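# Breakdown of the fold
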Amino acid sequence: MSSYKPAERVRHRLPVLGTPSIEEALASRMFSPLRLASGLELAERTWVPAMVPWRATAAGMVSADVLAWYRRFAEGQPGAIVVEATGVRDVASGPLLRIGDDRFVPGLRELCRVVKEASGGRTRLFIQLIDFLRIRRRPEPARYFERFLHLRPEHRVALARLRPGVDLEGSDAVVRHELARLDRHELETVLDRRELEALEFGERERVWDTEDPAIRELPRILPAAFAAAARRACDAGFDGVELHYAHAYTMASFLSRRNVRTDGYGGDREGRVRLPLEVFAAVRAAVGTQIAVGCRFLCDEIIDGGGSVADASDFATRFARAGMDFLSLSTGGKFEDAAQPRIGEAAYPYTGRSGWECMPTALSDERGPFGRNIEKQAAIRRSVREAGLETPVVLCGGIASFEQAEAYLKDGKGDVIAAARQSLADPDWFRKLRLGRGDEVRRCKYTNYCEALDQRHRQVTCQLWDRVTLDEPGAPLSEDGRRRLIAPRWET
Ligand SMILES: Cc1cc2nc3c(=O)[nH]c(=O)nc-3n(C[C@H](O)[C@H](O)[C@H](O)COP(=O)(O)O)c2cc1C
Ligand code: SF4
């Protein structure tokens, strides 16, 4: 599956890192504490956002490799780490973490223990709670026509025009056989848009498919599912939960301007934000202020007909007014513009332009990858402040240096700095900056080698360290034994 690349191919150099002395770091905004409304204090304004590493067990449990992954980030002592997107419903989803039943709690409790220990109690641990709808793999065309296509009378009528001599009134098998022989142009006149999509991309549910009872009932099901998951997170010892309202998943789709539900949960902004607010209210009722509750959502969907900064500013203000502890911003990452997957694979929401805007690469357009969506995020924060609300805003996307981060904080563009890929490249980078040892930072190259692994559902590692000292005692290795799974230790 080939991913979107901008037409311009400008190779950007990394921004100047900025290497503060210990005194400068201590006096900086970045390394100053932050208190959230529920009372939780971050020791510093640094944040490792959610990153799925494909290390959970096949049953969605915390594995030894999951513990090693988060232990490694915790050794870098950031203000907060957000554990990867973790499913709130008790449905099989491969090696992705789950929290949809009490049996997941002991493993998650151990995860909290490990992070507290490794960070010396300095890092606050959040878990990202996600719901997602079904997406099928792109089918073999013959199998699609044989098994998956739901035959409608209109198929026979359209086919009769194209194959006048063939008897189509009898067995379905004949109709399916004839459909499988049509070329692309002919298929366009027989299949509807969703059927064509199911054939060429794999069938995908939408939140506005309300003729399906399971989808229609989502507003009845999800508040309780998120609330129960948050309760479990609280019992496991997490400091907070991040409701995943971003990218290609269920809650982001409710917020999306593409959401055309007519049952009061779609259409205008009021309708689209209704379920996200109801989910938050249910979560807050379940955990009170025992733990922090915030959400991650998009500053811009980036897709045609999608929502932009004006929508996000409105949602942000409503979330803040409802009492969220933080607003974490991301960009794009949608299915709507995803590239066509290969047969047998599922579409991946980071292969189109919206995906590229979510994780922009060093080979870029004129604007480059570094902080390219921060101005949008700053505008959203301004709206929240203009409404008289102080909810902290977490900035993210191509933040690769102390200079950048400190300037954003000083200029009031955001309150917390999240860095995903730079933290993967060097889990100690925030700590090195804080200790005046910024010249030791291993800098991310923004090539998206890691993201390509994620796309292929392979254990995520970084090209800068996954082939070094493979024989280090105790270093966990990938399934094929050729890559180390966590960054080498920083010898302080
Ligand atoms: C391997 C990988 C997995 C990711 N998984 C998640 C996820 O589970 N939830 C989420 O909200 N974002 C996820 N992201 C997006 C990051 O949190 C972040 O928004 C994005 O990488 C841009 O930030 P950066 O430029 O600092 O890397 C993932 C990113 C990567 C590279
Ligand atoms: S693999 Fe590349 S993009 Fe990913 S963290 Fe490492 S250097 Fe950065």
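Residues numbered from 1 in each chain as written. Chains lettered and ligands numbered in written order. Predicted model: local features only at pLDDT ≥ 70, side-chain atom pairs only at ≥ 80, totals over all residues.

The secondary structure content of the protein chain amounts to 19 helices and 12 strands. For the protein chain, the spread of C-alpha atoms along the principal axes amounts to about 85 × 50 × 50 Å. The buried share of the protein chain, taken over its 492 residues, is 48%. Within the protein chain, residue pairs in contact and separated by at least 24 positions form 72% of the contacts whose partners lie at least 6 positions apart. (Helix = DSSP H or I, 4+ residues; strand = E, 2+ residues; numbered from the N terminus. Buried ≥ 20, exposed ≤ 12 C-beta atoms within 10 Å, placed from the backbone. Contact = placed C-beta atoms within 7 Å.)

Okay, the pairing of strand S9 (residues 327–330) next. In regular strands, side chains alternate between the two faces of the sheet. Going residue by residue along S9, you find Leu-327 and Leu-329 tucked away on one face and Ser-328 and Ser-330 tucked away on the opposite face as well. With 4 bridges connecting them, strand S8 (residues 292–298) and S9 associate as parallel partners. Note that in S9 the partner of Phe-297 across the bridge is Leu-329. As judged from the 2 bridges shared by S9 and strand S11 (residues 393–396), these two strands associate in the parallel manner. The partner of Ser-328 across the bridge, within S11, is Val-394. (Pairing = 2+ DSSP bridges.)

Okay, the domain arrangement of the protein chain next. Domain boundaries assigned for the protein chain yield domain 1 (10–135 + 213–439 + 451–455) and domain 2 (141–200). Summarising the inter-unit geometry, the C-alpha centres of domain 1 and domain 2 are found 43 Å apart. (Domains from an automatic or database assignment.)

Another aspect to go through is the site of ligand 1. Of all residues adjacent to ligand 1, which total 25 residues, the nearest are Pro-49, Ala-50, Ala-85, Ala-420 and Arg-421. In terms of residues, the shell around ligand 1 owes the most to one element, helix H19 (residues 449–455), which gives 3 residues. Of the residues in the shell around ligand 1, the class split is 14 nonpolar, 6 polar and 5 charged. (Near = placed C-beta within 6 Å. Nonpolar A, V, L, I, M, F, W, Y, C, P; charged D, E, K, R; others polar.)

This part takes up the sheet that holds strand S4 (residues 46–48). Hydrogen bonds along the backbone pair up the strands of a sheet, which may run parallel or antiparallel. Around the barrel, 8 strands lie side by side as S4-S5-S6-S7-S8-S9-S11-S12; this closed barrel has parallel pairing. If you compare each strand with its neighbour and ignore which way they point, the axes differ by 25 degrees on average. Where helix H13 (residues 309–322) meets the sheet, its contacts fall on S8 and S9, and the angle it forms with S8 comes to roughly 175 degrees. (Axes fitted to C-alpha atoms, helices over the stretch in contact; angles between N-to-C directions.)

Glancing now at unusual backbone geometry. Phi at His-247 takes a positive value of approximately 65 degrees, unusual for a residue other than glycine. Take His-247: it is sitting in the loop between strand S7 (240–245) and helix H11 (250–255). His-247 sits in the buried class, given 26 other C-beta atoms within 10 Å. Of note, Ile-302 is a non-glycine position whose phi angle comes to about 75 degrees, a positive value. Along the chain, Ile-302 turns up in the loop between S8 and H13. On the neighbour-count criterion, Ile-302 (23 C-beta atoms within 10 Å) is buried.

A separate point is helix H3 (residues 105–118). Spanning 14 residues, H3 covers 20 Å between terminal C-alpha atoms, matching the ideal 20 Å at 1.5 Å per step. Buried within H3 we find Gly-107, Leu-108, Leu-111 and Val-115. Within H3, the buried residues cover an arc of 95 degrees as seen down the axis, which keeps them to one side. Facing away from the buried side of H3, by more than 90 degrees, are the exposed residues Pro-106 and Glu-117. Elements that come into contact with the buried residues of H3 comprise helix H2 (64–75), strand S5 (80–87), strand S6 (124–130) and helix H10 (218–236). Looking one or two residues past H3, Gly-120 carries a phi angle of roughly 60 degrees, positive in sign. (Expected span 1.5 Å × (residues − 1). Arc of directions from axis to C-beta.)

Our focus in this paragraph is the packing of H2 against H3. Where H2 meets H3, the closest approach of the two axes is 8 Å, and the angle between their N-to-C directions is 30 degrees. The angle between H2 and H3 places the two elements in the roughly parallel class. With respect to the hand of their crossing, H2 and H3 are arranged in right-handed fashion. Between H2, through Val-66, Leu-67, Tyr-70, Arg-71, Ala-74 and Glu-75, and H3, the contact on the second element is made entirely by Glu-110, Leu-111, Val-114, Val-115 and Ala-118. (Parallel < 35°, antiparallel > 145°, perpendicular 65-115°, else oblique. Left-handed = near helix turned anticlockwise from the far one by under 90°.)

Core analysis: the largest hydrophobic core is formed by 122 residues, its most contacted members being Phe-226, Ala-230, Val-241, Val-283 and Leu-395. Considering every element that reaches this core, the biggest residue donor is H10, with 10 residues. Filtering out sequence-adjacent residues up to four positions away, Leu-395 remains in contact with Leu-329, Ile-374, Gln-377, Tyr-408, Lys-413, Gly-414, Val-416, Ile-417 and Ala-418. In terms of nonpolar packing, the next biggest core, distinct from the first, is built from 10 residues, Phe-145, Leu-159, Ala-198 and Leu-199 among them. (Core = buried A, V, L, I, M, F, W, Y, C linked by C-beta atoms within 7 Å.)

It is worth spelling out the site of ligand 2 at this point. Within the structure, ligand 2 sits among 13 residues, and Arg-421, Cys-444, Tyr-449, Cys-450 and Cys-462 are positioned closest to it. Those elements that place two or more of their residues in the shell around ligand 2 are helix H17 (421–425) and H19. Take the shell around ligand 2: its biggest share by element is 3 residues, from H17. Taken together, the residues of the shell around ligand 2 sort by class into 8 nonpolar, 3 polar and 2 charged.

On to H2. Taking 1.5 Å per residue, 12 residues should reach 16 Å; H2 reaches 16 Å between its end C-alpha atoms and fits that length. Residues of H2 that are buried: Asp-65, Val-66, Trp-69, Tyr-70, Arg-72, Phe-73, Ala-74 and Glu-75. Within two residues after H2, Gln-77 carries a phi angle of roughly 50 degrees, on the positive side.

Time to look at the environment of Gly-107. Residue position: Gly-107 is located in helix H3. On the basis of neighbour count, Gly-107 is assigned to the buried category, with 20 C-beta atoms found within 10 Å. Once residues lying within four places of it in the same chain are set aside, the contact partners of Gly-107 are Met-61 and Val-62.

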